[in-house]
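Observations on the model geometry
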Amino acid sequence: LNNGLARRPPMGFANWNGFGCNYNDTTIRTMADVLVASGMRDAGYSTIIIQECIVPAGHRTAQGVLEPDPVKFPYGIANLVAYIHSQGLKAGIYTDVGPLTCAGYEGSFNHEKIDAQTFASWGIDFVEEDSCYHPAGYSYETLYGRMRDALNATGRPIVFYACVQGQEDVQDWGPSTANLWRTTGDICAPGHATWEGMVNNFYGNARYPTVAGPGQWQDPDMLVVGMPGLTPLEWQTQFSLWAVSAAPLWAGIDLSTMSADAKAIFLNSEVIAVDQDPRGVQGTLVSGTVTPAASEAAATLQACASAYAVRWTFNATDSSVRGDGQCLTIEDCGLYPGDHVIVYDCVGTHGGCPANQMFYTTPASGGIHLVSNISRLCVAATSLEAGTALT
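These lines cover the structure that appears in this document, whether it is placed above or below. (Residues numbered from 1 in each chain as written. Predicted model: local features only at pLDDT ≥ 70, side-chain atom pairs only at ≥ 80, totals over all residues. Heavy atoms only, no water.)

A word on the state of the cysteines. Tallying each qualifying case throughout the model produces two disulfides. C102 provides the cysteine sulfur closest to C163, a residue in no disulfide bond, and the two sulfurs are 7.0 Å apart. (Disulfide = S-S within 2.5 Å.)

The subject of this paragraph is helix α2 (residues 25-37). The end-to-end C-alpha distance of α2 is 19 Å, a good match for the 18 Å that 13 residues give at a rise of 1.5 Å each. Turning to α2, its buried residues number three or more, namely D25, T27, I28, R29, M31, A32, V34 and L35. Its buried side turned inward, α2 meets β1 (11-14), α1 (16-19), α3 (40-43), β2 (47-50) and α4 (77-86). Taking the backbone nitrogen of T26 as reference, a side-chain oxygen 3.0 Å away marks N24 as the first, capping residue of α2. (Helix = DSSP H or I, 4+ residues; strand = E, 2+ residues; numbered from the N terminus. Expected span 1.5 Å × (residues − 1). Buried < 20%, exposed > 50% of the residue type's maximum accessible area, 1.4 Å probe, protein only. Contact = heavy atoms within 4.5 Å. Polar contact = N/O pair within 3.5 Å; in protein donor to acceptor, adjacent residues only side chain to side chain.)

For the rest of this paragraph, the subject is empty space enclosed by the protein. Applying the stated criterion across every chain yields a total of two cavities of 30 Å³ or more. Computed from the structure, the largest cavity encloses a volume of approximately 100 Å³. The wall of the largest cavity is formed by 15 residues, among which I54, V55, Y94, T95 and E106 lie closest to the centre. Those elements that place two or more of their residues in the lining of the largest cavity are β3 (90-96) and α5 (112-122). (1 Å grid on protein atoms, 1.4 Å probe; cavity = no way out; pocket = protein on both sides within 12 Å on 5 of 7 lines; lining within 4 Å. Points joined across faces, edges and corners; volume = space filled by probe spheres on them.)

Between its terminal C-alpha atoms helix α9 (residues 232-244) stretches 19 Å, which fits the 18 Å expected from 13 residues at 1.5 Å a residue. All of the buried residues along α9 are W235, Q238, F239, W242, A243 and V244. Two residues or fewer after α9 comes A246, characterised by a positive phi angle close to 50 degrees.

Turning to the side chain of N17, a few remarks are in order. With respect to the helices and strands, the residue N17 is situated in helix α1. The residues contacting N17, other than those within four sequence positions of it, are I187, C188, P190, G191, M222, M227 and G252.

Attention shifts here to the packing of helix α8 (residues 195-205) against α9. Remark: α8 packs on α9, axes separated minimally by 11 Å, with the N-to-C direction vectors making an angle of 10 degrees. By the angle between their axes, α8 is roughly parallel relative to α9. Between α8 and α9, the residues in contact are W195, M198, N201 and F202 and E234, T237, Q238, L241 and W242, respectively. Residue classes in the contact of α8 with α9 are distributed as five nonpolar, three polar and one charged. (Axes fitted to C-alpha atoms, helices over the stretch in contact; angles between N-to-C directions. Parallel < 35°, antiparallel > 145°, perpendicular 65-115°, else oblique. Nonpolar A, V, L, I, M, F, W, Y, C, P; charged D, E, K, R; others polar.)

Take the layout of surface pockets next. Here the second largest pocket defines a volume of roughly 330 Å³. When its residues are assigned to classes, the lining of the second largest pocket shows nine nonpolar, four polar and four charged.

Another point: the environment of M222. Here M222 lies in the loop between β7 (217-219) and α9. Among the residues examined, M222 registers a relative accessible area of 4% and is labelled buried.

Moving on to unusual backbone geometry. Although it is not a glycine, N110 sits at a positive phi angle of roughly 65 degrees. Examined against the element boundaries, N110 turns out to sit in the loop between β3 and α5. The phi torsion at A246 lies on the positive side, around 50 degrees, for a residue other than glycine. Within the fold, A246 resides in the loop between α9 and β8 (249-251). Classification of A246 by relative accessible area gives buried; the value is 2%.

Attention shifts here to the side chain of D219. Positionally, D219 belongs in strand β7. This buried residue, D219, is left without a salt bridge; R182 holds the nearest opposite charge, at 4.3 Å. Among all residues touching D219, those that are not within four sequence positions of it are Y161, W181, R182, T183, T184, N205, P248 and W250. (Lys, Arg positive; Asp, Glu negative; His and termini not counted. Salt bridge = Lys/Arg side-chain N within 4 Å of Asp/Glu carboxyl O.)

This brings us to the nonpolar core. Counting residues in each nonpolar core, the largest one holds 76 residues, and the members touching the most others are Y45, I50, I54, I93, F239, L255 and F266. A per-element tally of this core places helix α6 (residues 140-154) first, with six residues. Not counting residues up to four positions away in its chain, the partners in contact with I50 are N15, Y23, I28, F73, L80, I84, G92, I93 and Y94. Membership of the second largest hydrophobic core comes to 13 residues, among which are A6, I49, W217 and M222. (Core = buried A, V, L, I, M, F, W, Y, C linked by side-chain atoms within 4.5 Å.)

A few words on the pairing of β1. Side-chain direction in a regular strand flips from residue to residue, so the side chains alternate between the two faces of the sheet. Burial along β1 is two-sided: M11 and F13 and G12 and A14, pointing in opposite directions, are all buried. Looking at chain direction, β1 and β8 are connected through three bridges and run parallel. What sits directly across from F13, in β8, is A251. The pairing of β1 with β2 spans three bridges and is parallel. Its bridge partner lying in β2, G12 is registered against T47. (Pairing = 2+ DSSP bridges.)

Here the focus is the pairing of β3. Counting buried residues along β3, six of its seven residues qualify, which places the element largely inside the surrounding structure. Taken together, the four bridges between β2 and β3 define a ladder with parallel strand orientation. Opposite I50, over in β3, you have I93 as the bridge partner. A crossover connection joins β2 to the parallel β3 through α4; in handedness this β-α-β unit is right-handed. (Right-handed = clockwise from strand over helix to strand, strands pointing away.)

Bringing the packing of aromatic side chains into the picture now. Tallied over the full model, the rule gives ten aromatic pairs. Taking 5.3 Å as the distance between ring centres and 80 degrees as the angle between the ring planes, the aromatic pair formed by F126 and W250 counts as edge-to-face. In this pair, F126 sits in strand β4 (residues 126-130) while W250 sits in strand β8, placing the two residues 124 residues apart along the sequence. By relative accessible area, which is 1% here, W250 ends up buried. Plain terms: the ring middles of F202 and Y203 are 5.3 Å apart, the flat faces sit at 75 degrees to each other, and that makes the pair edge-to-face. Considered together, F202 and Y203 belong to a single accessibility category, that of buried residues. Residue placement shows K72 over the ring face of Y23; its charged tip is 4.5 Å from the ring centre. (Phe/Tyr/Trp six-rings, centres within 6.5 Å; stacked < 30°, edge-to-face > 60°. Lys NZ or Arg CZ within 6 Å of the ring centre and 35° of its normal.)

This is the structure in structure tokens:
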């Protein structure tokens, strides 16, 4: 959506997967506090979405203004939003294109204008609109277009998220309708993740990689990092897959009780940098298929902004390949001859790279092979002379 917003994939916290409807004003304030204290806000997690179960069905004034649950939000939404803002964060809210939300609370159908004005009056920065209770006779493109126009008419900068779950060819109309849109169903039920749900959502999101970019992101649903059902290694895998997909990064657990493993994954600056690359290119699946089988392996490539690219140069003195004073490294993934590999530069290795990660060169017929000290496998065969540059 060309409204000048969400130029990089949004990051933050949303309560549904961790709490369902079992949250209140205190919960959201606590999550805001933890985002700050944990360092997550400064790492980029800047938006809190107050998600689902906000306004009981039918609770509107005579003028049609939303009336949030007074027990759940005793000080009102505007007061809660002001607290979120005081913590240096942005505030998001949830609604639905239908008359009801997925959990049976008040939706925005035929109230788009008044709801958008209400959200703006509360100081909302981000609106998520779900796709349940789809009114007959209306396309999703039309329904989401109504909320888009209503939000734009408020004059307040508000990021718009169409949680359409991949329906009605959203890849065709999403870029002109919303800043981000859901490409899949829910990744899991609140409180428990599965490997199959995570992988299916990754592949579902990989179908149309070229439509994503600054201001128009594809969302395979929330992170399950820290949730029961997956191991820390599997959490790490999801985080990396979402990053190479240029996907929004939404933490969805009770952050006040997150484990050290989960926190370390959330704060991994190198992976976040991949997700937040300013070029905004979603990774493209180059092997495997978008319908994964248990025996398949897949690789995904993602281009980065030219300012972040490194030119690697063969150094004849120590027979290494270096760029910006650092050596080329390889991630050992149990490779076989001819496999593709992932390479990146050493970070934080003052004084040189670990010996077991360095690429080195050996004479070979017709040129020089780059060989990994980890696997002893040939990575590339090319003619290199001192000063030769690689990109």
